[in-house]
Amino acid sequence: MSDNTRLRIAVQKSGRLSDDSIAVLKAIGIKLQIRDRLLIAHSTNQAIDLLRVRDDDIPGLVMDGVVDLGFIGENELEEKMLERKAANKKHEYKTLRRLDYGGCRLSIAVPNEMQYDSVASLEGKKVATTYPFLLERFFAEQGVNAQAVMLTGSVEVAPRAGVADAICDLVSTGATLEANGLREKDVVFKSKAVLIQKAKALSEEKQALVSRLLPRIDGVIQAKESKYIMLHAPKAYLEQVKSLLPGAENPTVLPLSGHDDRVAVHVVSSETLFWETMEKLKALGCSSILVMPIEKMMG
Ligand code: ATP
Ligand code: MG
């Protein structure tokens, strides 16, 4: 039996969310030894066990309280929530963080030759999807009578196979749609990966661990969006230099030994520095301009 005092986290075993979810856990200091075929991975430095499963199973595991936390795409989460709600099963959970990966949209796409002005063009038609609950909610909101046909895979070939008139599927670039002679028309749901927690309270120890890990997740996300900028600037133009640096309210200004007229400016910026701005800084007399990635941040 597994040890119930260890925090249990569900992640997708293999797929689009696996690598990024594991990367978050590693970045916040959780050491993991993942063996490809094993369902469970124990952390060697924290009281944490990873449960590696198909993403379809993650919302249910969290809602039933079998695991404490889960990394999951909002599309799958919301679909399972609606499905379980309709079946009178437990469907509560808490969203802890919206993450910066797994971005995609659930969209309606129709064959190139089909006339489509708005969702109303689907009146009386069949639409193949892996997300019937999200799609039917959308139809209800739009006041359209169309039928969602559930397919767990190969959704994009459904119109050619004569199974449906149109499809509703996940899209990120649209290349798959194009390759199948389909055009993206309406977005039904926009999704990113999220970290969720079971609705029932955690033990004090587990909650303390989660509360310690969340600021680390914030720090990792914030760090990815930030840059550390260093440059040497002429003292006389310091104000102009500061105004060119994006999102940098409080730069550190340091003397440069042997150069009374120049200073070193260090700043954490919420944006990157574009080549155009670097050229302007250079024109003001700045030198040694460096833009560096940040690994971790804490306020
Ligand atoms: P599993 O075997 O775990 O059930 P899967 O085939 O259902 O895997 P993946 O294709 O790995 O799932 O996608 C997992 C999640 O990744 C999606 O539910 C979605 O949230 C997200 N995602 C991000 N970009 C895309 C995309 N272009 N197409 C599909 N899913 C995407
Ligand atoms: Mg799946």
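Residues numbered from 1 in each chain as written. Chains lettered and ligands numbered in written order. Predicted model: local features only at pLDDT ≥ 70, side-chain atom pairs only at ≥ 80, totals over all residues. Heavy atoms only, no water.

K.L.:
Got a minute to help me understand the sheet that holds strand β12 (residues 227-234) in this structure?
P.N.:
For sheets, the rule is that strands pair by backbone hydrogen bonds, running either parallel or antiparallel. What the 4 strands build is an open sheet, ordered β13-β14-β12-β15; its pairing is antiparallel. On the outer flanks of this sheet lie β13 (252-256) and β15 (287-293), each paired with one strand and no other. Between one strand axis and the next, the sheet turns by 20° as a mean value, whatever way the strands run. Pairing analysis gives 8 bridges linking β12 to strand β14 (residues 259-269), with the strands arranged antiparallel. The residue bridging Ala233 from the neighbouring strand is Val263, located in β14. (Pairing = 2+ DSSP bridges. Helix = DSSP H or I, 4+ residues; strand = E, 2+ residues; numbered from the N terminus. Axes fitted to C-alpha atoms, helices over the stretch in contact; angles between N-to-C directions.)

K.L.:
Looking at this structure, how should I read the site of ligand 1?
P.N.:
If you check the shell around ligand 1, you find 15 residues, and the closest are Gln12, Arg16, Asp56, Asn75 and Ser172. Note that an oxygen atom of ligand 1 is positioned 2.8 Å from one of the side-chain N or O atoms of Arg54. Asp55 places a polar side-chain atom, nitrogen or oxygen, 2.8 Å from an oxygen atom of ligand 1. When isolated, ligand 1 has an accessible area of 630 Å², and the protein chains bury 79% of it. Taking a 2 Å distance to the grid points as the criterion, the majority of the atoms of ligand 1 fall inside the largest pocket. Here the shell around ligand 1 is built from residues that sort into 4 nonpolar, 7 polar and 4 charged. (Near = heavy atom within 4 Å. Polar contact = N/O pair within 3.5 Å; in protein donor to acceptor, adjacent residues only side chain to side chain. Areas by Shrake-Rupley, 256 points an atom, 1.4 Å probe, with all protein chains shown as cover. 1 Å grid on protein atoms, 1.4 Å probe; cavity = no way out; pocket = protein on both sides within 12 Å on 5 of 7 lines; lining within 4 Å. Sits in = over half its atoms within 2 Å of the grid points. Nonpolar A, V, L, I, M, F, W, Y, C, P; charged D, E, K, R; others polar.)

K.L.:
Looking at this structure, I do not really get the confidence of the model for the protein chain. What am I missing?
P.N.:
Low pLDDT means the predicted atomic positions in that stretch should not be read closely. The predicted model of the protein chain has a mean per-residue pLDDT of 95, with 98% of residues at 70 or higher. Per the prediction output, this complex has pTM 0.90; the corresponding ipTM is 0.97. (pLDDT = per-residue confidence, 0-100.)

K.L.:
Looking at this model, I keep getting lost on the pairing of β14. Mind explaining?
P.N.:
Within a regular strand, side chains alternate between the sheet's two faces. Taken together, the 5 bridges between β13 and β14 define a ladder with antiparallel strand orientation. Bridge pairing in β14 places Thr252 opposite His266. A loop of 2 residues connects β13 with β14, the two strands running antiparallel in sequence, and Gly258 in this loop sits at a positive phi of about 85°.

K.L.:
I tried to follow helix α3 (residues 74-86) on my own but got confused; where do I start?
P.N.:
Side chains that are three or four residues apart share a direction in an α-helix, a result of its 3.6 residues per turn. A rise of 1.5 Å per residue sets the reference length of α3, with its 13 residues, at 18 Å; its end C-alpha atoms lie 18 Å apart and thus fit the reference within 8%. Of all 13 residues in α3, 10 are buried; the element is thus mostly enclosed. Inspection of α3 places Glu74, Asn75, Glu76, Leu77, Glu78, Glu79, Lys80, Met81, Leu82 and Arg84 among the buried residues, and these make up the whole buried set. One or two steps after α3, the chain reaches Asn88, where phi turns positive at roughly 55°. (Expected span 1.5 Å × (residues − 1). Buried < 20%, exposed > 50% of the residue type's maximum accessible area, 1.4 Å probe, protein only.)

K.L.:
Looking at this structure, how should I read the sheet that holds strand β9 (residues 166-171)?
P.N.:
Pairing within the open sheet is mixed, and its 5 strands lie in the order β8-β7-β9-β6-β10. In the strand order of this sheet, the two ends are held by β8 (147-150) and β10 (182-191), each with one partner. Averaged over all pairs of adjacent strands, the angle between strand axes in this sheet comes to 30°, irrespective of strand direction. As judged from the 8 bridges shared by strand β6 (residues 104-111) and β10, these two strands associate in the antiparallel manner.

K.L.:
How should I be thinking about empty space enclosed by the protein in this particular structure?
P.N.:
Rolling a probe over the atoms, with the probe sized like a water molecule, indicates the empty space that remains. Enumeration over the complete set of coordinates arrives at 1 cavity of 30 Å³ or more. Each pocket or cavity is described by its volume, and for the largest cavity that value is around 70 Å³. What lines the largest cavity is simply Ile9, Leu25, Ile28, Leu69, Phe71, Leu96, Leu195, Val210, Leu213, Leu214 and Ile217. Elements that contribute at least two residues to the lining of the largest cavity include exactly β4 (69-73) and α6 (204-224). A total of 4 residues in the lining of the largest cavity trace back to one element, the largest contributor, which is α6. For the lining of the largest cavity, the per-class residue count stands at 11 nonpolar, no polar and no charged. (Points joined across faces, edges and corners; volume = space filled by probe spheres on them.)

K.L.:
Looking at this model, I keep getting lost on the packing of α3 against helix α4 (residues 132-142). Mind explaining?
P.N.:
How two helices sit against one another is set out by the angle between their axes and by the gap between those axes. At their nearest, the axes of α3 and α4 sit 8 Å apart, and the two run at 80° to each other. With respect to each other, α3 and α4 are oriented roughly perpendicular. Within the contact between the two elements, α3 uses Asn75, Glu78, Glu79, Leu82, Glu83 and Ala86 and α4 uses Pro132, Phe133, Leu134 and Arg137. Partitioned by chemical class, the residues of the contact of α3 with α4 number 5 nonpolar, 1 polar and 4 charged. (Parallel < 35°, antiparallel > 145°, perpendicular 65-115°, else oblique. Contact = heavy atoms within 4.5 Å.)

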